[in-house]
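For reference, the chains in residue letters:
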There are 2 protein chains.
Amino acid sequence: MVASVPEKNKPHNGIQSLVDLVARDMEAVNRLILSKAGSNVDLIPEIAKHLIDSGGKRLRPMLTLALADMFGYQGSGHVTLSASVEFMHTATLLHDDVVDESDMRRGKLAARKLWGNQASVLVGDYLLGQAFKMMVDVGSLEALRVLAEASAVIAEGEVMQLGAAKNLATSEASYMKVIEAKTAALFAAAAEVGPIIAGQSAETCAAARRYGMELGLAFQLVDDALDYGGSSADLGKQVGDDFREGKITLPVVVAVERGSDEDRAFWRRCLETDGIRDGDLEHAIGLLRRHGAIEETIARARHYGASAIEALAALPAGRHRDALHEAVEFCISRVN
Amino acid sequence: MVASVPEKNKPHNGIQSLVDLVARDMEAVNRLILSKAGSNVDLIPEIAKHLIDSGGKRLRPMLTLALADMFGYQGSGHVTLSASVEFMHTATLLHDDVVDESDMRRGKLAARKLWGNQASVLVGDYLLGQAFKMMVDVGSLEALRVLAEASAVIAEGEVMQLGAAKNLATSEASYMKVIEAKTAALFAAAAEVGPIIAGQSAETCAAARRYGMELGLAFQLVDDALDYGGSSADLGKQVGDDFREGKITLPVVVAVERGSDEDRAFWRRCLETDGIRDGDLEHAIGLLRRHGAIEETIARARHYGASAIEALAALPAGRHRDALHEAVEFCISRVN
């Protein structure tokens, strides 16, 4: 078995050190986000503000800020790249909600429910364009390469997920590929561009990238576990969203593997044939519990969390590294 | 009245000089497009290939090639940027068809009819990501700035169009703003990046940009006129698509301005309230003819075409300039 983040009795507020560390820069990021979400076309700032105000944790942009500041980066490029990263993420959320036909996002009605799918697609495109404009402002071709690559990979991951949806034959390996692309790639890029603009060595950049990648995997695994167990208020979405949308996440993959033929018939009816009835979600959660599928998913998240912490060893010790370490624990403790 | 492109008795094949001029480079562009539309996720090359094979004229990428070659550009950056431009365009088409709920594109079923809206949104995002990766490969921050700006402006134009749809109060000025953003901005950027990577002066780059911008306006005006008068086979879309989608294009703006109260009530019923019945398209075309709305739109296109040719005067004389001149005539002659 692999090393893992130790289980805690109480979820602690491990994100606070990171929040405090980048607080001043994050104010600048928020100002930049608001100004770059502006447009003479009223609908654009309206929709962008809806998402920006809806209280995301800004985890990805914090990675960029902390990992540039760790190396004493002087200048404002980390603020600008950080805002680009958040715009890329916001654009993805807008498009995701259209693709998934989601009703809620972070506890509020999804933009597509308020302004329609059409506006969500186009405003997502606008934010992506603004993100690239900001990257150009920073002037680092290397950072641009990393973020442009992430942008293509994220979309690739979403297409993969679309192919895997409603397909119970999805393997653990293809599930991991999907989340690496759709989630972890942006965490990795957000982390990597910090040392890149601070002029650090390829080894240092690679360590930051690995930290972000492993953290992103842990984060998504926890999210997928929460979808079958967190409380709606904590998560900002309904429990069972993935189930209703026919998404095959790791908890389901594990439960299908470990289940009986009868169980598999149940999953097939629910996830492959759009046939969800009253009581199905409760039955699904019961099966996941019986087969230890949630625990297995969380154990897997702990494994990637431990790898993220391992990657930090190649970065300089100090309060930045401590805060990044605690952020890993925070991501995992969300589910405890 | 402004200068205009002289009317011709017969539409001539003015695009051929440009096609011949860039033929070798265009082969390289086509190879690059095919390779960059590749992905391990099967759906991506499948959808991309559908659009790429569907016989667009590749007008935008030809501008980039010709306007780099005009200045003796050595290297392969113009080929790469040219492919990026086509990817940006293809991504826009995919998203447009979702937003407009179009059934046809270039005479074939729209991708969204074959693979669904979800895949169209995501594959569009993928192609946009690939476009930015290619731009980074070229390494010109200035070209990147121009294309990133275009990407944001195009989306802004599409959002504007969404706001103007089904709104008969749309003025000529707002219509022109929409087509400048959604269409002409990419023509302008495609033209401008040619002299940029060939290291030309700001004045030269601005002249190329102006040429592209005016050509793009002419092109879109002709397209909007064709939507009420071209034959389906020529246009690759059904006559009356804009009408059915409630798009307020210049022909309609002119006919509404010049029409009676009764006419306005007709347009309002058809375009604002989704109430199109059998025979309405024929009646609409009749009104457009009676009020000279198509002729007015084409006259306007000629005006912008003349401005495009005017812009060419600041660029070096020779076969490149001649071909770009003829391309203007081709764009306008499509409607004759």
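What you see is a predicted model; the values in this text were computed from it and never measured.

Trainee: Describe in detail the overall build of chain A, supporting the description with residues and values.
Mentor: Counting its regular elements, chain A contains 16 helices and 2 strands. The principal-axis extents of the C-alpha atoms in chain A amount to approximately 60 × 50 × 30 Å. Buried positions account for 61% of the 336 residues belonging to chain A. Restricting the contact set of chain A to residue pairs at least 6 apart, pairs at least 24 apart contribute 76%. Accessible surface, chain A: about 12800 Å² in total, of which carbon and sulfur atoms supply 47%.

Trainee: Describe the side chain of Ser102 of chain A, listing the residues and the values that go with them.
Mentor: Mapped onto the elements of the fold, Ser102 of chain A is located in the loop between α5 (77-100) and β1 (104-105). A polar side-chain atom of Ser102 of chain A sits 3.1 Å from a polar atom in the side chain of Glu245 of chain A.

Trainee: Provide a residue-level description of the environment of Glu296 of chain A, including the pertinent values.
Mentor: Residue and element names in this part refer to chain A. Along the polypeptide, Glu296 turns up in helix α15 (residues 293-312). Since its relative accessible area comes to 23%, Glu296 is described here as partly exposed. Once residues lying within four places of it in the same chain are set aside, the contact partners of Glu296 are Val254 and Arg258.

Trainee: Requested: an account of the packing of helix α4 (residues 59-69) of chain A against helix α16 (residues 319-333) of chain A, with residues and values cited.
Mentor: All names here are of chain A. At a minimum axis separation of 10 Å, α4 and α16 run at an interaxial angle of 160 degrees. Taken together, the axis directions place α4 and α16 in an arrangement best described as roughly antiparallel. The interaxial crossing formed by α4 with α16 has left-handed handedness. On α16, the residues that touch Leu59, Leu63, Ala66, Leu67 and Asp69 of α4 are His320, Leu324 and Cys331. Its residues placed into classes, the contact of α4 with α16 shows 6 nonpolar, 1 polar and 1 charged.

Trainee: Can you explain the relation of the copies chain B and chain A? Please cite residues and give values.
Mentor: Placing chain B over chain A gives an RMSD of 0.0 Å and needs a rotation angle of 180 degrees, together with 0.0 Å of translation along the axis. Put plainly, the chains are arranged around a two-fold axis. By residue overlap, the copies meet face to face through one surface: 100% of the interface positions of chain B are interface positions in chain A.

Trainee: Tell me about helix α12 (residues 250-258) of chain B, residues and numbers included.
Mentor: Residue and element names in this part refer to chain B. The buried fraction of α12 is high, at 7 of 9 residues. Within α12 the residues assigned to the buried category are Leu250, Pro251, Val252, Val253, Val254, Ala255 and Val256. Next to the buried residues of α12 lie α8 (172-197), α9 (202-226), α13 (261-272), α14 (280-290) and α15 (293-312).

Trainee: Got a sec to walk through unusual backbone geometry? Specific residues and values, please.
Mentor: Phi is mostly negative for residues that are not glycine, and the peptide bonds are mostly trans. A positive phi angle is found at Arg58 of chain B, which is not glycine, with a value near 60 degrees. Of note, Arg58 of chain B is situated in the loop between α3 (43-52) and α4 (59-69).

Trainee: Account for the packing of aromatic side chains, with residues named and values stated.
Mentor: All names here are of chain A. The tally for this structure, following the rule as stated, stands at 9 aromatic pairs over all chains. Between Phe243 and Trp267, the aromatic rings sit 6.2 Å apart at their centres with planes inclined by 85 degrees, giving edge-to-face as the arrangement. Placement of the pair is Phe243 in helix α11 (residues 241-244) and Trp267 in helix α13 (residues 261-272), with a sequence separation of 24 residues. Both residues of the pair, Phe243 and Trp267, count as buried.

Trainee: Would you mind going over the interface of chain B and chain A in detail, with residue names and values included?
Mentor: Opposite the 36 residues of chain B that make contact, chain A presents 36 residues. Of the roughly 3400 Å² buried where chain B meets chain A, counting both sides, 75% is carbon and sulfur surface. Between chain B and chain A we count 4 salt bridges in total. The partner of Lys133 of chain A in a salt bridge is Glu149 of chain B, with the nearest N and O atoms 2.8 Å apart. Between chain B and chain A we count 10 residue pairs in polar contact (both at pLDDT 80 or more) in total. Of all the secondary-structure elements, those providing two or more residues to the side of chain B that touches chain A are α3, α5 (77-100), α6 (111-138) and α7 (141-164) of chain B. Looking at the side of chain B that touches chain A element by element, the count peaks at 14 residues for α6 of chain B. Classifying every residue of the side of chain B that touches chain A by side-chain character gives 20 nonpolar, 8 polar and 8 charged.

Trainee: Outline helix α14 (residues 280-290) of chain A, supporting the account with residue identities and numerical values.
Mentor: Residue and element names in this part refer to chain A. Burial in α14 covers these residues: Asp280, Leu281, Ala284, Ile285, Leu287 and Leu288. Projected down its long axis, α14 shows its buried positions confined to an angular sector of 160 degrees, all on one face. Those residues of α14 that are exposed and angled more than 90 degrees off the buried face are Glu282, Arg289 and Arg290. Check the buried side of α14 and you find it contacts α11, α12 (250-258), α13 and α15. One or two positions beyond α14, positive phi appears at Gly292, with a value near 65 degrees.

Trainee: Could you give an account of the nonpolar core, with specific residues and numbers?
Mentor: If you look at the biggest cluster of nonpolar residues, it comprises 246 residues, and the most contacted ones within it are Tyr211 and Trp267 of chain A together with Tyr211 and Trp267 of chain B. Apart from the residues lying within four places of it in its own chain, the contact partners of Tyr211 of chain A are Leu63, Leu67, Ala308, Ala311, Leu312, Leu324, Ala327 and Val328 of chain A.

Trainee: Please set out the confidence of the model for chain A residue by residue, giving values where relevant.
Mentor: Close inspection of predicted coordinates is inappropriate in any region flagged by low pLDDT. Residue and element names in this part refer to chain A. With 93% of its residues at a pLDDT of 70 or more, chain A shows a mean pLDDT of 91. Across chain A, the secondary-structure element scoring lowest on mean pLDDT is helix α10 (residues 232-235), at 48, and the one scoring highest is α4, at 98. Low pLDDT, under 50, characterises residues 6-12; the stretch is placed with 8 contacts to residues that sit more than four places away or in other chains.

Trainee: I'd love a proper account of the pattern of salt bridges, names of residues and values included.
Mentor: On inspection of all chains with the given rule, the structure shows 44 salt bridges over all chains. Among the ionic pairs, Asp137 of chain A bridges to Arg145 of chain B, the shortest N-O distance being 3.1 Å. Of this pair, Asp137 of chain A sits in helix α6 (residues 111-138) while Arg145 of chain B sits in helix α7, on two different chains. According to the relative accessible area criterion, Arg145 of chain B is partly exposed, its value standing at 37%. In this structure, Arg300 of chain A engages Glu296 of chain A in a salt bridge whose closest nitrogen and oxygen atoms are separated by 3.0 Å. One end of the pair is Arg300 of chain A and the other is Glu296 of chain A, both in helix α15 and 4 residues apart, which spans about a single turn. Look at the salt bridges and you will find they share partners, linking Asp100, Asp242, Glu245 and Lys247 of chain A into a network.

Trainee: Break down the environment of Lys108 of chain A for me, citing the residues and quoting the values.
Mentor: All names here are of chain A. In this fold, Lys108 is placed in strand β2 (residues 108-109). Assessed through its relative accessible area of 32%, Lys108 is described here as partly exposed. Considering only alpha carbons, one finds Lys108 and Leu122, 14 residues apart in sequence, at a separation of 20 Å. Contact partners of Lys108, with chain neighbours within four places excluded, come to His50, Ser54 and Asp103.

About the thresholds
- Residues numbered from 1 in each chain as written.
- Chains lettered and ligands numbered in written order.
- Predicted model: local features only at pLDDT ≥ 70, side-chain atom pairs only at ≥ 80, totals over all residues.
- Heavy atoms only, no water.
- Helix = DSSP H or I, 4+ residues; strand = E, 2+ residues; numbered from the N terminus.
- Buried < 20%, exposed > 50% of the residue type's maximum accessible area, 1.4 Å probe, protein only.
- Contact = heavy atoms within 4.5 Å.
- Areas by Shrake-Rupley, 256 points an atom, 1.4 Å probe, with all protein chains shown as cover.
- Polar contact = N/O pair within 3.5 Å; in protein donor to acceptor, adjacent residues only side chain to side chain.
- Axes fitted to C-alpha atoms, helices over the stretch in contact; angles between N-to-C directions.
- Parallel < 35°, antiparallel > 145°, perpendicular 65-115°, else oblique.
- Left-handed = near helix turned anticlockwise from the far one by under 90°.
- Nonpolar A, V, L, I, M, F, W, Y, C, P; charged D, E, K, R; others polar.
- Least-squares fit on C-alpha atoms with pLDDT ≥ 70 in both.
- Phe/Tyr/Trp six-rings, centres within 6.5 Å; stacked < 30°, edge-to-face > 60°.
- Buried area = accessible area lost by both parts, 1.4 Å probe.
- Salt bridge = Lys/Arg side-chain N within 4 Å of Asp/Glu carboxyl O.
- Arc of directions from axis to C-beta.
- Core = buried A, V, L, I, M, F, W, Y, C linked by side-chain atoms within 4.5 Å.
- pLDDT = per-residue confidence, 0-100.

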